[in-house]
Amino acid sequence: MDLDGIAIFVKVIQTGSFSRAAALLGMPNSTVSAKVSALEKRLGVTLLQRTTRKLRVTQAGEAYFQRAVRALEELQAAENELETGRVEPTGLLRVTAPVEIGHSLLPALVHAFLKKHPRMEVELVVTSRVLDLVVDGIDLAIRAGPLKDSSLIAKRFDLGDFGLWASPDYLAQHATPHHPKELAQHNCLRFSRFKDDGFRLTHGREKFNVTVSGQLVADDFETLRSLAILGEGIAFLPSFLCSEDTTQDKLNRVLPQWRGDKVSLSLVYPAQQFVPTKVRSFIAAAEKLWKKQID
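(A) Quick peek at the side chain of Thr-15. Within the secondary structure, Thr-15 is located in helix α1 (residues 3–15). Within the structure, the side chain of Thr-15 is placed 3.4 Å from the backbone oxygen of Val-12, a separation counted as a polar contact. A polar contact is formed between the side chain of Thr-15 and the backbone nitrogen of Ala-21, at a distance of 3.5 Å. Every residue in contact with Thr-15, bar those within four places of it in the chain, is listed here: Arg-20, Ala-21, Leu-24 and Val-135.

Dropping the structure here:
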C-alpha cells in the first residue's frame, strides 16, 4: 500500500487542485499527478476526473477520500501519541500569523522557541488571509479577536490594550489633547475595519466615545503606525505594536490614562486526540514570553 500516494490524493481533494497540492507538498505538479494516477491504477477505479479548468471527484473517489482521511488522521494521532513521550520536540512547525503580529510579536517568540528547542525548524506564513489550517498544512495559527471556527482548539492571551499614539513632532506642532473630546480637533488615523469612525475609551469607571475624522484611513495597523511615526496624526493602536517606538522616542502615548479595549490573541490548532509536542512547546514558549511582557 502506497501511503504517500494516498496522502497526496487526500491533499489534492482538500486543496481543490493539483497545483495547490503540489505547492503545499513542495513537489512538482507532474509528481502529484503521477502519484494519483498510480493510485487509481492500483485500485482499478477513477478517483478524479480532470479537465483543463475543473477537477471533479467521482463517487468512488469521494467514498475513498472519506475513509482515507479517517485513516490518515488515525496514523497522525498515533505519531502524536508517540511524540508526547519525547522530552525534546523535533521536525518542522508551520505557523501562520497576521502581518502586524508577524512584524511585532512573532520574531521574538520564534527566537525564544528555537533557542530552547534547537532541533526544531519553523516555517512562518505571514499573511492577512485567514488560512484553512488543515488544507494549508498549518500546525498553529496566531489570530486576533473572537474565533469563528469552533472546530479549532484555542489558547487565549491578553496582551495589553488599545491606546492613542502620536509622534513627538506631531504633538509639538499641535495642541496635545487633555481629554478625549479634544480628539475631534485632531487629524486621527483611522482603521477601516472598525465598525464606526469613533474611538471608545475608558478611564476607571468613566467611559467616553468620541467621533473622530482625518485625512487617512487604512486597513492595516502597521501602516497606521508608520504614518503616526511620520507625524501624520494620532493613531488608535494595540499597545504591543508601539512599546519599542516609545523607548526610541518615535511615538508618545496620548491620554495615557484613557485606554481602549483589551487586545487578545489566540494560538489555535486543529482539534486532535493527541496534540503534537512541537505545538505544545510553542504554546508554552508564548505563555512564558508574553506573560513576562505583560507583567
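(B) Structural detail: helix α9 (residues 239–247). Buried within α9 we find Ser-239, Phe-240, Leu-241, Cys-242 and Asp-245. Immediately downstream of α9, the backbone of Asp-249 shows phi near 60°, a positive value.

(C) Examining the packing of aromatic side chains more closely. Using the criterion set out here, one finds eight aromatic pairs in the structure. Here Phe-9 and Tyr-64 contribute two aromatic rings whose centre-to-centre distance is 5.9 Å and whose plane-to-plane angle is 50°, an arrangement assigned as tilted. A residue pair is termed long-range when its members are at least 10 positions apart, and Phe-9 in helix α1 and Tyr-64 in helix α4 (residues 59–83) qualify at 55 residues. A relative accessible area of 0% places Phe-9 in the buried class.

(D) Representation of the environment of Arg-280 in the model. Topologically, Arg-280 is positioned in helix α10 (residues 277–294). Judged by its relative accessible area of 38%, Arg-280 is partly exposed. Counting along the chain gives 255 residues from Arg-280 to Leu-25, while the straight-line C-alpha distance between them is 24 Å. For Arg-280, the side chain forms a polar contact with the main-chain oxygen of Val-275, separated by 3.3 Å.

(E) Spotlight on the pattern of salt bridges. Summed over the entire model, instances satisfying the criterion amount to ten salt bridges. In this structure, the salt-bridge partner of Lys-35 is Asp-4, at a minimum N-O distance of 3.4 Å. Of the two residues, Lys-35 is situated in helix α3 (residues 29–43) and Asp-4 in helix α1; the sequence distance between them amounts to 31 residues. Take Lys-35: its relative accessible area is 25%, and that puts it in the partly exposed class. The residue Asp-261 makes a salt bridge to Arg-200 at a minimum N-O spacing of 2.4 Å. One end of the pair, Asp-261, is in the loop between β12 (252–254) and β13 (262–270); the other, Arg-200, is in strand β8 (residues 198–203), and 61 residues separate them in sequence. On the basis of relative accessibility, which here comes to 38%, the residue Asp-261 falls in the partly exposed class.

(F) Local environment of the pairing of strand β9 (residues 206–211). Taken together, the six bridges between β8 and β9 define a ladder with antiparallel strand orientation. Among the inter-strand pairings, Arg-200 is bridged to a residue of β9, identified as Asn-209. The hairpin formed by β8 and β9 contains two residues between the paired strands, and Gly-204 there has a positive phi angle of roughly 65°.

(G) Molecular detail of the nonpolar core. The biggest cluster of nonpolar side chains holds 56 residues, and the ones touching the most others in it are Leu-164, Leu-183, Phe-199, Phe-282 and Trp-290. Per-element tally for this core: the top contributor is α10, with seven residues. Setting aside residues up to four positions removed in sequence, Phe-282 forms contacts with Leu-93, Val-95, Leu-106, Leu-109, Val-110, Phe-113 and Leu-140. One finds Ile-8, Val-12, Ile-13 and Ala-68 within the second-largest nonpolar core, a separate group that totals 17 residues.

Scoring rules and cut-offs
- Counting of residues starts from 1 at the beginning of each chain's written sequence and follows it residue by residue.
- Residues qualify for local features only when their pLDDT is at least 70, as the model is predicted, and side-chain atom pairs are given and counted only at 80 or more; totals for whole chains, interfaces and linings, by contrast, use all residues.
- With hydrogens and water set aside, each side-chain value is computed from the structure's full complement of heavy atoms.
- Only DSSP runs of H or I with at least four residues qualify as helices, and only runs of E with at least two residues qualify as strands; both kinds are numbered from the N terminus onward.
- Between N or O atoms, a polar contact is any pair within 3.5 Å; within protein, one atom must be a potential hydrogen donor and the other a potential acceptor, and residues adjacent in sequence are included only when both atoms are from side chains.
- Whether two residues are in contact is decided by their heavy atoms: any pair within 4.5 Å suffices.
- Relative accessibility thresholds used throughout: buried, under 20% of the residue-type maximum; exposed, over 50%; partly exposed, between the two (1.4 Å probe, protein chains only).
- Side-chain rings of Phe, Tyr and Trp, where Trp is taken by its six-membered ring, are said to pair if the distance between their centres is within 6.5 Å; with planes under 30 degrees apart they count as stacked, over 60 as edge-to-face, and otherwise as tilted.
- The term salt bridge refers to a side-chain nitrogen of Lys or Arg lying within 4 Å of a carboxyl oxygen of Asp or Glu.
- Strands pair, by our definition, only if DSSP identifies at least two bridges between them.
- Working definition of a nonpolar core: buried Ala, Val, Leu, Ile, Met, Phe, Trp, Tyr and Cys residues. They are joined through side-chain atoms within 4.5 Å.

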